[in-house]
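# Residue-level structural notes
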Amino acid sequence: PFHNFLKVFVPYCSSDVYSGTRSAGADTNGYYFHGKYIIEALVKDIIKNKPNIENMKQLVFIGTSAGAMGVTVNCDYVAEQFYTVNKDLDVRCIADGGDFVPPLAHKKDCDPYEITKIPFKF
């Protein structure tokens, strides 16, 4: 169904499920977590450079695995940014496989749902 869509592929490379806004420091062991900035720059670039963006009918934001978690945390932001240039745009978000913590994985003093919140702190 997407044969005539413009496609932008972003390889997963941010190590923070595209949610981080932290620079390197002692609390990040010297690592940068700038995934949210990657999404912001990508959206800004598409809006600036995509011809006839005001005539687009639909935008589908898709991610798989860890990228699906990135879609989950950034869907509203992406939609809001595109609405600034096309208020009638139909924005859809597909998070394919973002929740990969089985409910039976809970062990004493190791709550998997608390662990999954860690990337969002960055």
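This report concerns the structure included in the present document. (Residues numbered from 1 in each chain as written. Predicted model: local features only at pLDDT ≥ 70, side-chain atom pairs only at ≥ 80, totals over all residues. Heavy atoms only, no water.)

This paragraph deals with unusual backbone geometry. Of note in the backbone geometry, Ser15 takes a positive phi value of approximately 60° without being a glycine. Here Ser15 is to be found in the segment before helix H1 (35–49). A positive phi angle, close to 55°, is found at Tyr18, a residue other than glycine. Relative to the helices and strands, Tyr18 resides in the segment before H1. (Helix = DSSP H or I, 4+ residues; strand = E, 2+ residues; numbered from the N terminus.)

Turning our attention to the packing of aromatic side chains. In this structure the tally under the stated criterion is one aromatic pair. When the centroid spacing of 5.1 Å and the interplanar angle of 75° are considered together, the rings of Phe2 and Phe5 count as edge-to-face. According to the relative accessible area criterion, Phe2 is partly exposed, its value standing at 33%. The partly exposed category is assigned to Phe5, whose relative accessible area is 25%. (Phe/Tyr/Trp six-rings, centres within 6.5 Å; stacked < 30°, edge-to-face > 60°. Buried < 20%, exposed > 50% of the residue type's maximum accessible area, 1.4 Å probe, protein only.)

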